[in-house]
Amino acid sequence: MKTDPETFIRANTSVMAPPHTPEIRLHLASEAHDLWLKTEEELEEIGLPPPFWAFAWAGGQGLARYILDRPDEVAGKRVVDFASGSGLVAIAAKLAGASWVLAVDIDPWAETAVRLNAVENEVALDFTGDNLVDEAIDVDVILAGDVFYDRDFADRLIPWFRRLAGEGLLVLVGDPGRAYLPRDRLEEQASYQVPVTRALEDSEVKKTTVWRFLAG
């Protein structure tokens, strides 16, 4: 990497609680325009992929809130937080009593963000940057926030999530109405009004739903 991730994260974020999960503190970009709206050239200059890890996205906030309010969904269980980003949902699962939590994200910068955020919340998380899509996973619960924003990605995730649900895993998705959400494959569990950053979304509050993936 051209830039040391920990040095950059500490210099360009502030430790704060996402609006919907005040129990959790994360290293987040306090002003979206300063980081998210850098040009591709500027990001390339510092060797930084789009910093999804620097924001608490609506789907993740809703899913984290659901887990914190219903700890029985994960307590004593082995959990994967898929496309973890900041680690918000993974941290929520650990705080709710999960026996083991693996944060998964192919962005190498997310590993550092998750590590720093885990320390901030005094929880132990494992991390992998491997692409687990289509793989068999020996866990009890899969959590995924804000993953249905891209058609090609959704087309890969849907059959995988359905298969995992068919194998008996609990697959929970947090989503604020992204374009490629497969509603016909889902069962609603809860909904929230989640404050978000207008610079990233089209409003200041997004209705966010937690869904359970159906088998088949």
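Shown above is the structure to which this text applies.
Residues numbered from 1 in each chain as written. Predicted model: local features only at pLDDT ≥ 70, side-chain atom pairs only at ≥ 80, totals over all residues. Heavy atoms only, no water.

Novice: Give a detailed account of the packing of helix α4 (residues 58-69) against helix α5 (residues 88-95), specifying residues and quantitative values.
Specialist: Between α4 and α5, the shortest axis-to-axis distance is 9 Å and the interhelical angle comes to 0 degrees. Relative to α5, the element α4 is oriented roughly parallel. In this structure, α4 contributes G60, Q61, L63, A64, I67 and L68 to the contact, and α5 contributes L88, V89, A92, A93 and L95. (Axes fitted to C-alpha atoms, helices over the stretch in contact; angles between N-to-C directions. Helix = DSSP H or I, 4+ residues; strand = E, 2+ residues; numbered from the N terminus. Parallel < 35°, antiparallel > 145°, perpendicular 65-115°, else oblique. Contact = heavy atoms within 4.5 Å.)

Novice: For the nonpolar core, give the residues involved together with the corresponding values.
Specialist: I67, V79, L125 and L143 are the most contacted members of the largest nonpolar core, which totals 35 residues. Those elements that place two or more of their residues in this core are β2 (26-28), α4, α5, β4 (100-104), α6 (108-120), β6 (141-145), β7 (170-175) and β8 (186-195). In contact with L143, not counting residues within four places along its chain, are L63, I67, V79, V80, D81, F82, V89, A93 and L172. Residues L102, V147, V173 and L181 belong to the second largest nonpolar core, which totals 26 residues. (Core = buried A, V, L, I, M, F, W, Y, C linked by side-chain atoms within 4.5 Å. Buried < 20%, exposed > 50% of the residue type's maximum accessible area, 1.4 Å probe, protein only.)

Novice: Outline the environment of T3, listing residues and values.
Specialist: Looking at where T3 falls in the secondary structure, it is placed in the segment before α1 (5-12). Taking the C-alpha atoms as reference points, T3 and D81, 78 residues apart in sequence, are found 26 Å from one another. Residue contacts for T3: discarding those within four places in its chain leaves F8, I46 and W109.

Novice: Just give me the short version of the pattern of salt bridges, but keep the residues and values in it.
Specialist: Summed over the entire model, instances satisfying the criterion amount to nine salt bridges. Between D184 and R185 there is a salt bridge, with its nearest N and O atoms 4.0 Å apart. Under the relative-accessibility criterion, D184 is labelled exposed at 62%. Here R185 falls in the partly exposed class, since its relative accessible area comes to 30%. (Salt bridge = Lys/Arg side-chain N within 4 Å of Asp/Glu carboxyl O.)

Novice: Before we move on, can you summarise helix α7 (residues 151-166) with the specific residues and values?
Specialist: If you check α7, its first and last C-alpha atoms are 23 Å apart, about what 16 residues at 1.5 Å a residue would give, namely 22 Å. Regarding α7, the residues found buried are A154, L157, I158, W160, F161, L164 and A165. The secondary structure elements touched by the buried residues of α7 are β3 (78-82), β6, β7 and β9 (205-213). In this structure D150 caps α7, since a side-chain oxygen of it lies 3.1 Å from the backbone nitrogen of D152. Following α7 by one or two positions, G168 has its phi on the positive side, about 100 degrees. (Expected span 1.5 Å × (residues − 1). Polar contact = N/O pair within 3.5 Å; in protein donor to acceptor, adjacent residues only side chain to side chain.)

Novice: Can you lay out the packing of aromatic side chains for me, pointing to particular residues and giving the numbers?
Specialist: This structure, assessed with the given rule, holds 13 aromatic pairs. An aromatic cluster of three or more residues is present, and its members are F52, F55, W57, F82, F148, Y149, F153, W160, F161 and F213. Here the guanidinium or amino end of R78 rests over the ring plane of W100, the centre of that ring lying 4.4 Å away. (Phe/Tyr/Trp six-rings, centres within 6.5 Å; stacked < 30°, edge-to-face > 60°. Lys NZ or Arg CZ within 6 Å of the ring centre and 35° of its normal.)

Novice: How would you explain α1 if you had to name every residue and give the values?
Specialist: Among the residues of α1, P5, F8 and I9 are the ones counted as buried. Buried residues of α1, viewed axially, fall in a sector of 95 degrees; they line one side. Exposed residues lying more than 90 degrees from the buried face of α1 are T7 and A11. (Arc of directions from axis to C-beta.)

Novice: If you had to explain the side chain of D81 to someone new, which residues and values would you point to?
Specialist: Relative to the helices and strands, D81 is located in strand β3. Buried charged residue D81 carries no salt bridge. Nearest counter-charge: K94, at 13 Å. Separated by 2.6 Å, the side chains of D81 and S84 make a polar contact. Within polar-contact distance, the side chain of D81 engages the backbone nitrogen of A90 at 3.1 Å. Each residue touching D81, except ones within four places of it in the same chain, is listed here: G87, V89, A90, L102, A103, V104 and L143. (Lys, Arg positive; Asp, Glu negative; His and termini not counted.)

Taken by themselves, the reported measurements are silent on function.
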